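# Commentary on secondary and tertiary structure
In case you want the letters, here they are:
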Amino acid sequence: MRYQFIVAFFLFSLASFVQANDLYPLPSKRQEAQFNHLLKELRCLVCQNQDLADSNASLAADLRLAVYERVTAGESDSEIIQYLSARYGDFILFKPPVKRVTWLLWYGPLLFLLLGFWIFWRTCIKVTKNE
Amino acid sequence: MKKTWVFVPFILFIGLMVFLGRGLFLDPQHLPSTRIGKALPSFSLPVLTNENRVFTPDMMKGNIGLLTIWASWCHACEEEQAFLMQLHAQGIPLFAINYKDKPSEALQWLKTWGNPYQCIGEDKEGKIAIDLGVYGAPETFLIDDKGLIHFRHVGVLDENVWQRDFVPRIRQLRANG
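Rules of the game
Counting restarts for each chain, with residues numbered from 1 along the sequence as it is written. Just so you know, chain letters begin at A and ligand numbers begin at 1, following the order they were written in. Per-residue local features of the predicted model are confined to residues with pLDDT of at least 70, and side-chain atom pairs are confined, for both listing and counting, to 80 or more; whole-chain, interface and lining totals are unaffected and use all residues. Hydrogens are left out, water is left out, and the side-chain values use all remaining heavy atoms of the structure. Strands are runs of DSSP state E lasting at least 2 residues, helices are runs of H or I lasting at least 4, and numbering of each runs from the N terminus. Residues count as neighbours in contact if any of their non-hydrogen atoms are within 4.5 Å of one another. For the accessible areas, the method is Shrake-Rupley and the probe is 1.4 Å, while residue cover comes only from the protein chains on display. Charged-residue counts in this description rest on Lys and Arg as positive and Asp and Glu as negative, His and the chain ends being excluded. Lys charges are placed at NZ, Arg charges at CZ, Asp charges at CG and Glu charges at CD. When accessible area is computed with a 1.4 Å probe and restricted to protein chains, residues below 20% of their type maximum are described as buried, those above 50% as exposed, and intermediate ones as partly exposed. Pairing between strands is defined by DSSP: at least two bridges between the two strands are required. The definition of a right-handed crossover adopted here requires that, viewed with the strands pointing away, the path from the first strand over the helix to the second runs clockwise. We count a salt bridge whenever a side-chain nitrogen from Lys or Arg sits within 4 Å of a carboxyl oxygen from Asp or Glu. Here, nonpolar core means buried Ala, Val, Leu, Ile, Met, Phe, Trp, Tyr and Cys residues that are tied together by side-chain atoms lying within 4.5 Å of each other. Two cysteine sulfur atoms form a disulfide, by the criterion used here, when they sit within 2.5 Å. The span one expects for a helix is its residue count, reduced by one, times 1.5 Å. Values labelled buried area give the accessible surface lost by two parts on being combined, using a 1.4 Å probe and summing over both.

## Here's the deal with the overall build of chain B
Regarding its fold elements, chain B presents five helices and seven strands. Along the chain direction, N to C, the helices and strands of chain B fall in the order α-β-β-β-α-β-α-β-α-β-β-α. Partitioning the intrachain contacts of chain B with sequence separation of at least 6 by distance along the chain shows that 70% fall at a separation of at least 24. Summed over all atoms, the accessible surface of chain B reaches about 9,900 Å², with 60% contributed by carbon and sulfur. Separation between the mean location of the 18 positive side-chain charges and that of the 18 negative ones in chain B comes to 10 Å.

As structure tokens, then:
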């Protein structure tokens, strides 16, 4: 009984993979992985908290197709991301690129950590001095 | 010296509040266009009213005009149509891309709501829309006489938006050109 359940569970989880392959057939496993990975990295601009893989919006379907065509043509991740961000801006990427305007975003946490250490260190010195 | 340090966390707090408070009032649905200052993508789309002809960006050159992304399934497009008819009456050159639509429904829609456009191209698969960075209809692009994009408005174009965002830019373009 338990084994049957496990087998059924795996078959069900496989079903979704098979469906995805039918819609967007790709010649190699590597391209399939690239395609799936890109769809997770890219944001749907209509339902903004969904990625392109999840969204049912018609724009998301168009963008999926655009990504699919580029993956089939053998383009690299950065070429495809460049293509889309040139049209839709960095907002289409869930992970913002490191550039001058995002420095605070990327390095801010480190800055605050160092600031915290500095304050901690100074207070320690003060405490030892008072003793 | 010591007293001024006491205020530092307070000032930092106020700064953070202003920064985060401003974020609350930003519209996340409003995305800046990356196509500003760039030429229209090259396209050649069948004309909706006469499919033997093609609509190309060259047809828009020579005048400052608008390019509207529109569809018969888009309800907001109905809202702006009366204002577009008004702009057409004022002599503003209007062009359109019919976005992911059925030609028969689009033509029927134009019969109902009026056709202010000089030329309408059919973008059935939405490919040119991707090149333009379109993410929702209606969108309106301000195109100068050389075919460069100067402004993009997402959503219904009305008198307020026109006066606020388009009129000053058109005036400046006319002054420069």
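Following the structure, the description resumes.
## Focus on the pairing of strand E4 (residues 94–99) of chain B
All names here are of chain B. Most of E4 sits out of view: six of its six residues are buried. Of the two faces of E4, the one carrying Leu-94, Ala-96 and Asn-98 and the one carrying Phe-95, Ile-97 and Tyr-99 are both buried. Pairing geometry for strand E3 (residues 65–70) and E4, over five bridges, is parallel. Looking at the pairing, Leu-67 lines up with Phe-95 of E4. For the segment spanning E3, helix H2 (residues 75–89) and E4, crossover handedness is right-handed. Judged from the five bridges that link them, E4 and strand E5 (residues 119–123) form a sheet pairing that is parallel. Its bridge partner being in E5, Asn-98 is matched across the sheet by Glu-122. Taken together, E4, helix H3 (residues 103–113) and E5 form a β-α-β motif whose crossover is right-handed.

## Let's talk about the pattern of salt bridges
Residue and element names in this part refer to chain B. Within this structure, the stated rule accounts for twelve salt bridges over all chains. In this structure, the salt-bridge partner of Glu-139 is Arg-152, at a minimum N-O distance of 2.8 Å. With Glu-139 in strand E6 (residues 139–143) and Arg-152 in strand E7 (residues 149–154), the pair connects residues that are 13 residues apart, well separated along the chain. Exposure remark for Arg-152: the relative accessible area of 7% places this residue in the buried category.

## Regarding the nonpolar core
Of all hydrophobic cores here, the largest spans 45 residues; its most connected members are Leu-63 and Val-67 of chain A together with Phe-55, Leu-67, Ile-97 and Leu-132 of chain B. Those elements giving two or more residues to this core turn out to be helix H2 (29–41), helix H3 (58–72) and helix H4 (77–88) of chain A together with strand E1 (45–47), E3, E4, helix H4 (127–131) and E6 of chain B. Top element by residues in this core is H3 of chain A. It accounts for seven residues. Discounting chain neighbours no more than four positions away, the residues touching Leu-67 of chain B are Leu-40, Phe-55, Met-60, Phe-95, Ala-96, Ile-97, Leu-132, Glu-139, Thr-140, Phe-141 and Ile-143 of chain B. The next biggest cluster of nonpolar side chains, apart from the first, holds 27 residues, and it includes Trp-70, Leu-94, Ala-106 and Ile-120 of chain B.

## Quick word on the state of the cysteines
Here, the word disulfide means a covalent bond between the sulfur atoms of two cysteines. All names here are of chain B. Under the defined criterion, the tally for this structure stands at one disulfide over all chains. Cys-74 shares a disulfide with Cys-77; S-S distance 2.1 Å. Linking Cys-74 and Cys-77, the disulfide has an S-S dihedral of approximately 95° and is accordingly described as right-handed. Classification of Cys-74 by relative accessible area gives buried; the value is 4%.

## Regarding helix H5 (residues 159–176) of chain B
A rise of 1.5 Å per residue sets the reference length of H5 of chain B, with its 18 residues, at 26 Å; its end C-alpha atoms lie 24 Å apart and thus fit the reference within 8%. Of the positions making up H5 of chain B, those classed as buried are Val-161, Trp-162, Asp-165, Phe-166, Val-167, Ile-170 and Leu-173 of chain B.

## Describing the interface of chain A and chain B
For interface size, the figure often reported is the accessible area lost on association. Facing the 17 residues of chain A at the interface are 16 residues of chain B. Of the roughly 1,400 Å² buried where chain A meets chain B, counting both sides, 48% is carbon and sulfur surface. Where chain A packs against chain B, one counts three salt bridges. Residues Lys-100 of chain B and Asp-62 of chain A are paired through a salt bridge, measuring 2.8 Å at the closest nitrogen-oxygen approach.

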